[in-house]
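Chain residues, written in single-letter form:
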Amino acid sequence: MNDGDGPGRRPIASRSSGWAIRLAGGLARTDVTPNQISVASVLFAGVGCALIAVGHTPLAWLAAAACVQLRLVCNLLDGMVAVEGGKKSAVGAIYNEFPDRIADTLLLVAVGYAAGVPWLGWAAALAAALTAYVRVFGGSLGLPQDFSGVMAKQRRMAALTAALVAQSVEWTFSDTRWSLLVAVALIAAGSLVTCVTRTAAIATKLRAT
């Protein structure tokens, strides 16, 4: 699982923060499982998707931004509860990957529709999924999984959060949605660039072996 031990674990600076350690420790002492936390990330993404799709108010955009961040908190905690909390499961790798792809798709497709360019939302979701495919493909070749890139997951969600906050301000003065349009275009393009740079890094490592 990419939030597990060793070279396959996503580097996240907030993993060493006090609030994350305390929260993960508290969850580890309950009956909550890492897989349930992973599923919760999809639920937050689903709520965010609904808010983006039908909210159309500054408060809805801000609430959607909060859902994006809560999705990321779940992504952080599931690995911490599994590893530091000693609750790894045999199917943990499945729960660690599949919910991420679903959550990305829900949020990015919704932003595409909200921006008035549905195909761009689907393109961003596909490109985001491809970044994960390239990363896991490198791992299948025996290489360390590469989490780098201009639009790796954390950066995609940071861009989306910033866009939703900006949209809440924009919506206060106008019924335009330039903030969402620019963000989904940047995420789509940046994700494609990330696929290229990760693939190039894999090729370089294979030639060196």
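Residues numbered from 1 in each chain as written. Predicted model: local features only at pLDDT ≥ 70, side-chain atom pairs only at ≥ 80, totals over all residues. Heavy atoms only, no water.

Quick look at empty space enclosed by the protein
Right, so step 1: One pass over the full model with this rule turns up 1 cavity of 30 Å³ or more.
Right, so step 2: In this structure, the largest cavity occupies an estimated 50 Å³ of space.
Right, so step 3: Taken together, R10, R101, T131, A132, R135, A152, K153, R156 and R198 form the lining of the largest cavity.
Right, so step 4: For the lining of the largest cavity, the elements supplying multiple residues, two or more each, are α5 (118–140) and α6 (153–173).
Right, so step 5: Considering only residue class, the lining of the largest cavity consists of 2 nonpolar, 1 polar and 6 charged. (1 Å grid on protein atoms, 1.4 Å probe; cavity = no way out; pocket = protein on both sides within 12 Å on 5 of 7 lines; lining within 4 Å. Points joined across faces, edges and corners; volume = space filled by probe spheres on them. Helix = DSSP H or I, 4+ residues; strand = E, 2+ residues; numbered from the N terminus. Nonpolar A, V, L, I, M, F, W, Y, C, P; charged D, E, K, R; others polar.)

What about the nonpolar core?
Right, so step 1: In terms of nonpolar packing, the biggest core is built from 32 residues, with I52, W61, L107, L160, L164 and L180 touching the most fellow members.
Right, so step 2: Of all the secondary-structure elements, those providing two or more residues to this core are α2 (34–54), α3 (58–83), α4 (92–114), α5, α6 and α7 (178–208).
Right, so step 3: In terms of residue count, the dominant contributor to this core is α4 (7 residues).
Right, so step 4: Those residues in contact with W61 that lie beyond four places of it in its chain are I52, H56, A114, L164, Q167, S168, W171 and L180.
Right, so step 5: Ranked by size, the runner-up nonpolar core spans 10 residues in total, among them A28, I37, C74 and V81. (Core = buried A, V, L, I, M, F, W, Y, C linked by side-chain atoms within 4.5 Å. Buried < 20%, exposed > 50% of the residue type's maximum accessible area, 1.4 Å probe, protein only. Contact = heavy atoms within 4.5 Å.)

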